[in-house]
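# Architecture at a glance
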Amino acid sequence: MQLVIVESPAKAKTIEKYLGSDYRVLASYGHVRDLPAKDGSVDPEHGFSMEWENYADKSKQLKAITDEAKKADRLILATDPDREGEAISWHVQEVLRGRKALPKEVERVTFNAITKTTVTEAMKHPRELDTDLIDAYRARRALDYLVGFTLSPVLWRKLPGAKSAGRVQSVALRIIVDREREIEAFRAQEYWSVTADMEQDGTPFTARLVTFEGKKLDRLSIGEEGTALRAKAAVEAGRFSVQTIEVKPATRNPPPPFTTSTLQQEASRKLGFSADHTMRIAQGLYEDGAITYMRTDGVQMDGSAISAARKAIADRYDAGYVPDKPRLYQTKAKNAQEAHEAIRPTDFSRDKAGGGDHARLYDLIFKRALASQMASARMERTTVELTDGSGQTGLRATGQVVLFPGYLALYEEGTDDSADEDSRRLPRLREGDAPAKKAVRAEQHFTQPPPRFSEASLVKRLEELGIGRPSTYASIIKTLKDRAYVRVEKNRFFAEESGRLVTAFLERFFEKYVGYDFTAGLEDELDEVSGGRAQWQAVLESFWKDFKPRTTEVMEQKPSEVTAALDKFLEPYLFPARADGGDPRLCPNCGQGQLALRGGKFGAFVACSNYPDCKYTRRFGQGGSDEGGDTGPEAIGQDPETGLPVERKAGRFGPYIQLGEGKDAKRASIPKDIPELDLEWALKLLSLPRTIGTHPESGEPITASIGRYGPYLAHAGKYARLTSTAEVFETGMNAAVVRLAEAAAGGGRPQRGAQAPLKILGKHPRTEAEIKLMEGRYGPYVTDGETNATLPKSIEKDALTLEEAAQLLDARAAAGPSKKTKKKAPAKKAAVKKAPAKKAAPSKAKTATKTGAKAG
């Protein structure tokens, strides 16, 4: 018997169909072991030896593999054809070796697509495990561990509120923060444009002013309204005729088939998918045998695939769309082992695969791969110059005409920027023509700061800088979101306070290790290892000999010294120069103290040096803005019963009221729907929970209060939502009993359909179903009427966008029904005692994998 090991049960099921009865195919469910999350898992003092630990939730899979391996004559390791796949095979081999269950014959097999032809052909050409790829995996895993377990404790002790740092993660965060700084430093410049709406033979077109008073203009030449209005008047008064026409032929060649990076970028632009979602869907398509392997830097296609693509083009279009010679693309990847074939369909006669997001992503992959072998598009770019009789005022109109669409008939690559005026269509014009002038406009503009990164443009930037590897981008971006270092609004990344502070700390104390060039250079060294040109322990030693002393040095500094250094480093952001020339650190509250950065239990903030006499503070994220600063506790009055002071204060989670001082003080949050806080309202809030009365049936008390998710009623462990703070104090016994009964009928919450949505987000961009944000028993969730998806902790419900909600629903739908909803039928009692059954094969029902991030 021959035992074949792959990663996923779907892959195992497909491959088992292709092989004969002599083969047994089992899934490892991703990685089977990893470095334990504790100090000492990597030992730099002993050649960077590593202590591996089996995943606890993989015990069943490992037992099944071990049992079958003991009976097998041959072990075939058929995991994915990349560095991470090589590592999984190596881990499985080492576990079996340790259990003395390793068959005498062990071979490695790889294939780029899960089709019968490629799998059976690969089985004929086995090889040994690639030690260079395994060494590269070990080097990357050790580096990430050493950085995380050495640097993160420094952050926790010296920078309260920081969560973690990572070798590539922190550099990706710096890219986002650097863009935020560029935007803040940007100063808009006013400029004006003058355009004329013109028409020739019934066809409208637009011409812009390029010459005024005999001088050539560029985009910023007209800087104020007066000049713009004079220019507008000159265009209105002039009679313009065509002076010159310049026609240039142009050719556009198709882009190559997708790599991992370009697939993530295009799926983000055209489908609105996150990088993480794109890779999950692509993994499913690969395991279904629809596409080739989706983690690749290669742009080349197999010769047989090129022939199949050319035939498919000829079948779909005429012969003019098939170029005379096949198009050959060359990869930029440095290591042949990792420069696999591009992402393409396994069968070009199949133009559809799967449903929902799987079908949409397949369609994108199919069209891109097919278009890469199509003829170039041919077009004419036309520039028309028009002048008035004096020759002092000139207009220009540009556009293009597509003479032959070529690959554009099937596919056009998306861009992060809007189309320019060259893509406009122009009427046929001749020299001397005098087009009709319909209207003239003078419009004010302002230069725009560089745009914040989208997932597509961030992936592109990471690849340009050589930071990380495309297979890791999805997990890097997900980590930044999960750590709440960034937030996403309208598909753009915004740096959060914690993200900015962590980046500032790393730039100040670990500048080298978050440098773009250093990180890219380290990636190159790791590529040298996977190419067999460098020794992995030597790369680690070179990194560790400088990194470890630096972390020790920073750890020895006092928190106050770290805060003072950050105060100086962040001075341009926290205390920018004032327009009036005044002292930017002067306290706006007392007018005497100096503002400075301070560290607190919940993170950094700016405070006055005259504390405690002056209690002015402002959040770190406010930068140099005094707006919203807190001047300290605000006295509201005295509690008439106790005589204790009632104060309004600002806390980490917003404003609150406090009665008294010290550990016995009573506190209450201030709801947003209170029109104006006064002593009466403050005492009401401090009195909660309010007992409404005794339930007429159970005899248990009914209370009203305000919790994490808003106002509610409580009775005997059951709850019902209230719609406003006022209802907490106004709801009577009868209304409370009815509300609780309605909630109980809905399983502890209002009946489906009866609950009002928190927000209607709009129509799903792909299914057109209306998406609503709802409050659920376990927190907020989104629904389209068929699928519900819980909001992850990394997404604030108030900041949730339509596209984010759609992606959550798509991901939940793709995952299938929750296992919690499946109920097992009661086992029937056996009427007759049967002979012992044969030992069942290990269950394949478990589908959750622990693959970990694909190391780049």
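Since the structure is predicted, the reported quantities are computational estimates derived from the model, not experimental observations. (Residues numbered from 1 in each chain as written. Predicted model: local features only at pLDDT ≥ 70, side-chain atom pairs only at ≥ 80, totals over all residues. Heavy atoms only, no water.)

Let us now look at the overall build of the chain. A tally of regular secondary structure across the chain gives 22 helices and 32 strands. Put simply, the chain has 856 residues, and 47% of those count as buried. Contacts in the chain between residues far apart in sequence, at least 24 positions, make up 66% of those at least 6 positions apart. (Helix = DSSP H or I, 4+ residues; strand = E, 2+ residues; numbered from the N terminus. Buried < 20%, exposed > 50% of the residue type's maximum accessible area, 1.4 Å probe, protein only. Contact = heavy atoms within 4.5 Å.)

Take the confidence of the model for the chain next. Fine structural detail should not be taken from predicted coordinates in areas where pLDDT scores are low. For the chain, mean pLDDT is 86; residues scoring 70 or higher make up 89% of the total. Low confidence marks residues 747–754, where pLDDT is under 50. Its contacts with residues over four positions away, or in another chain, come to 15 contacts. This stretch, residues 818–856, has a pLDDT under 50; its non-local contacts, to residues over four places away or in other chains, come to 54 contacts. (pLDDT = per-residue confidence, 0-100.)

Burial of strand β2 (residues 23–27) is extensive: four of the five residues sit out of reach of the surface. Relative to β2, strand β1 (residues 2–6) runs parallel, the two being bridged by five bridges. By the bridge assignment for β2, Leu3 is matched with Arg24. In this region the chain leaves β1, passes through helix α1 (residues 9–18) and returns to the parallel neighbour β2; the handedness of that crossover is right-handed. (Pairing = 2+ DSSP bridges. Right-handed = clockwise from strand over helix to strand, strands pointing away.)

This next bit is on the nonpolar core. A general trend in soluble globular proteins is that nonpolar side chains are found buried together. Judged by nonpolar contacts, the single largest core of 157 residues is most densely connected at Phe111, Ile291, Phe348, Leu361, Phe505, Phe510 and Leu566. It is helix α5 (residues 131–158) that provides the largest number of residues to this core, a total of 12 residues. Residues in contact with Phe505, not counting those within four places in the same chain, are Val154, Leu155, Lys158, Leu159, Phe510, Val554, Val562 and Leu566. Grouped together as the second largest cluster of nonpolar side chains are 22 residues, Ala704, Phe729, Ala736 and Ala743 included. (Core = buried A, V, L, I, M, F, W, Y, C linked by side-chain atoms within 4.5 Å.)

Read from one edge of the open sheet, four strands run β2-β1-β7-β8, paired in parallel fashion. Each edge of the sheet is formed by a strand with only one pairing partner; in this case those strands are β2 and β8 (105–108). When strand polarity is set aside, the average angle formed by the axes of neighbouring strands in this sheet is 20°. Across the sheet, α1 lies against β1 and β2, angled at about 165° from β2, the strand it touches most. (Axes fitted to C-alpha atoms, helices over the stretch in contact; angles between N-to-C directions.)

On to the sheet that holds strand β27 (residues 710–715), then. Across the sheet, four strands lie side by side as β25-β26-β27-β28; this open sheet has antiparallel pairing. Where the open sheet ends on each side, the last strands, each with one partner, are β25 (690–694) and β28 (718–721). Between one strand axis and the next, the sheet turns through 25° on average, direction left out of account. Here four bridges tie β25 to strand β26 (residues 701–707), and the two strands are oriented antiparallel to one another. Paired with Gly693 across the bridge in β26 is Ile702.

Another point: the packing of helix α8 (residues 260–271) against helix α12 (residues 455–465). Remark: α8 packs on α12, axes separated minimally by 8 Å, with the N-to-C direction vectors making an angle of 160°. Considered as vectors, α8 and α12 are oriented roughly antiparallel to each other. The way α8 lies across α12 gives a crossing that is left-handed. Across from Ser261, Gln264, Gln265, Ser268 and Arg269 in α8, the residues of α12 making contact are Glu455, Ala456, Val459, Lys460 and Glu463. Taken together, the residues of the contact of α8 with α12 break down into two nonpolar, four polar and four charged. (Parallel < 35°, antiparallel > 145°, perpendicular 65-115°, else oblique. Left-handed = near helix turned anticlockwise from the far one by under 90°. Nonpolar A, V, L, I, M, F, W, Y, C, P; charged D, E, K, R; others polar.)

Moving on, we come to the state of the cysteines. For the structure on display, the rule yields zero disulfides. You can see Cys587 has no disulfide; the closest cysteine sulfur is in Cys614, sitting 3.7 Å from it. Residue Cys587 is classed as buried on the basis of its relative accessible area of 1%. (Disulfide = S-S within 2.5 Å.)

Overall, the coordinates contain 20 aromatic pairs when judged by the stated rule. An aromatic cluster is present here, built from Phe505, Phe509, Phe510, Tyr513, Phe518, Phe543, Trp544 and Phe547 joined pairwise through their rings. Across the ring face of Trp90, the terminal group of Arg33 is positioned such that the distance to the ring centre comes to 5.4 Å. Directly above the aromatic system of Phe453 lies the positively charged group of Arg179, at a separation of 4.3 Å from the ring centroid. (Phe/Tyr/Trp six-rings, centres within 6.5 Å; stacked < 30°, edge-to-face > 60°. Lys NZ or Arg CZ within 6 Å of the ring centre and 35° of its normal.)

Okay, unusual backbone geometry next. Of all residues except glycine, most have a negative phi; of all peptide bonds, most are trans. Between Tyr611 and the following residue, Pro612, the backbone shows a cis peptide bond with an omega angle of 10°. By the secondary structure assignment, Pro612 is in the loop between β19 (603–608) and β20 (617–619). Omega for the peptide link from Leu688 to Pro689 comes to 5°, which places this bond in the cis form. Look at Tyr29: it is not a glycine, yet its phi comes out positive at around 60°. Along the chain, the position of Tyr29 falls in the loop between β2 and β3 (33–34). The exposure class of Tyr29 is buried, given its relative accessible area of 3%. You will see that Lys100, though not glycine, has its phi angle at about 55°, which is positive. Classification of Lys100 as exposed rests on a relative accessible area of 77%.

Turning to helix α16 (residues 536–555), a few remarks are in order. Since the α-helix packs 3.6 residues into each turn, any two residues three or four apart lie on the same face. Here α16 spans 28 Å end to end across 20 residues, near enough to the 28 Å set by a 1.5 Å rise per residue. For α16, the principal kink sits at Trp544 and spans about 35°. By the burial criterion, the buried members of α16 are Trp536, Val539, Leu540, Phe543, Trp544, Phe547, Arg550, Thr551 and Val554. Of the surrounding secondary structure, the elements contacted by the buried residues of α16 are β5 (49–50), α5, α14 (497–509) and α15 (516–530). (Expected span 1.5 Å × (residues − 1). Bend = angle between axes of the 7 residues up to and from the residue.)

Regular strands place their side chains on alternate faces of the sheet. Direction of pairing for strand β16 (residues 486–489) relative to strand β17 (residues 492–495): antiparallel, over a ladder of four bridges. The residue of β17 that forms the bridge with Glu489 is Arg492. Count of turn residues in the β16/β17 antiparallel hairpin: two residues, of which Lys490 carries a positive phi of about 50°.

This part takes up the environment of Gly399. When you line up the elements, Gly399 lands in strand β14 (residues 394–404). For the pair Gly399 and Pro427, spaced 28 residues apart in sequence, the C-alpha separation works out to 9.3 Å.

What follows concerns the side chain of Asp433. Structurally, the position occupied by Asp433 is in the loop between β14 and β15 (436–446). The side chain of Asp433 sits in the buried core without any salt bridge; Arg430 is the nearest counter-charge, 4.1 Å away. Within polar-contact distance, the side chain of Asp433 engages the side chain of Gln200 at 3.5 Å. Within the structure, the side chain of Asp433 is placed 2.8 Å from the backbone nitrogen of Arg430, a separation counted as a polar contact. Excluding anything up to four places from it in sequence, Asp433 contacts Gln200, Phe240, Ser241 and Val242. (Lys, Arg positive; Asp, Glu negative; His and termini not counted. Salt bridge = Lys/Arg side-chain N within 4 Å of Asp/Glu carboxyl O. Polar contact = N/O pair within 3.5 Å; in protein donor to acceptor, adjacent residues only side chain to side chain.)

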